[in-house]
Amino acid sequence: QRQMCIRDSLYVLVPGIFIWPFSANADPAEMGEIYPVVAVLLRFVAVYSLFDTLNIVFASALKGAGDTRYVMYMLACVSACVLVVPSYLAILVFHTSLYFAWFIASAYVVLLGIAFLARFRGGRWRSMRVIGEHVPGLSSCHADVPAAEYEP
């Protein structure tokens, strides 16, 4: 987590160290135009990567705890409402800038990260059963293999 914060801080504070390897053999006039754009985009990457970490960690924790429906519904709804439709409208209908497209992508990841964090902190996953009860009447296809006992 500390390394992530350092990396994201470097994206914002000194973007030149990430741009420099690509500018070594580039035309200085072209790099003069590209550098400010990339510096701004690295700020979006800093925000995006911070919240994408929340997204990955807490979505995985919720799925592992059995709260898969919530994760599925959030991904479907937020993808459609915050990423796909706004991106389509912004890029193809309104012809907005590259920055606005990154804003939409960042908003999507921020919203998902916060939603999964809030759901995890809510604790509903604690009462979910991941391993179901044995259903009487169903025969096992491996009757000769003893069943493992599980005690919570």
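Scroll up to find the structure.
Below is a short write-up of the structure. Everything quoted here is computed from the prediction, not taken from an experiment. (Residues numbered from 1 in each chain as written. Predicted model: local features only at pLDDT ≥ 70, side-chain atom pairs only at ≥ 80, totals over all residues. Heavy atoms only, no water.)

Things to note about the overall build of the protein
Cut-off, in case you're wondering: Secondary structure is summarised from DSSP: a helix means a run of H or I of at least four residues, a strand means a run of E of at least two, and numbering begins at the N terminus for each. Burial here depends on accessible area, computed with a 1.4 Å probe over protein chains only, as a share of the maximum for the residue type. Under 20% is buried, over 50% is exposed, and the range in between is partly exposed. We call two residues in contact when some of their heavy atoms are within 4.5 Å. Per-residue and other accessible areas follow the Shrake-Rupley method at a 1.4 Å probe size, with only the shown protein chains counted as cover for residues.
Secondary structure assignment for the protein yields five helices and zero strands. Order of helices (α) and strands (β) in the protein, N terminus to C terminus: α-α-α-α-α. The buried share among the 152 residues of the protein stands at 24%. Contacts in the protein between residues far apart in sequence, at least 24 positions, make up 73% of those at least 6 positions apart. Looking at the protein as shown, the accessible area adds up to about 11,000 Å², and 66% of this sits on carbon and sulfur atoms.

Looking at a nonpolar patch on the surface
What counts, and what does not: Exposure above 30% relative accessible area and the lack of any salt bridge qualify a residue for a patch; like charges then connect within 9 Å, and the nonpolar side chains Val, Leu, Ile, Met, Phe, Trp and Tyr within 5 Å. Any Lys or Arg side-chain nitrogen found within 4 Å of a carboxyl oxygen on Asp or Glu counts as a salt bridge.
A contiguous nonpolar patch, built from Val84, Val85, Tyr88, Leu89, Ile91, Leu92, Val93 and Phe94 and spanning about 760 Å² of accessible area, is present on the exposed surface. Here Tyr88 shows up in helix H4 (residues 68-93).

Some points on unusual backbone geometry
Of note in this structure, His95 is not a glycine but carries a positive phi near 55°. Here His95 lies in the loop between H4 and helix H5 (98-122). Relative accessible area serves as the criterion here: at 62%, His95 is assigned to the exposed category.

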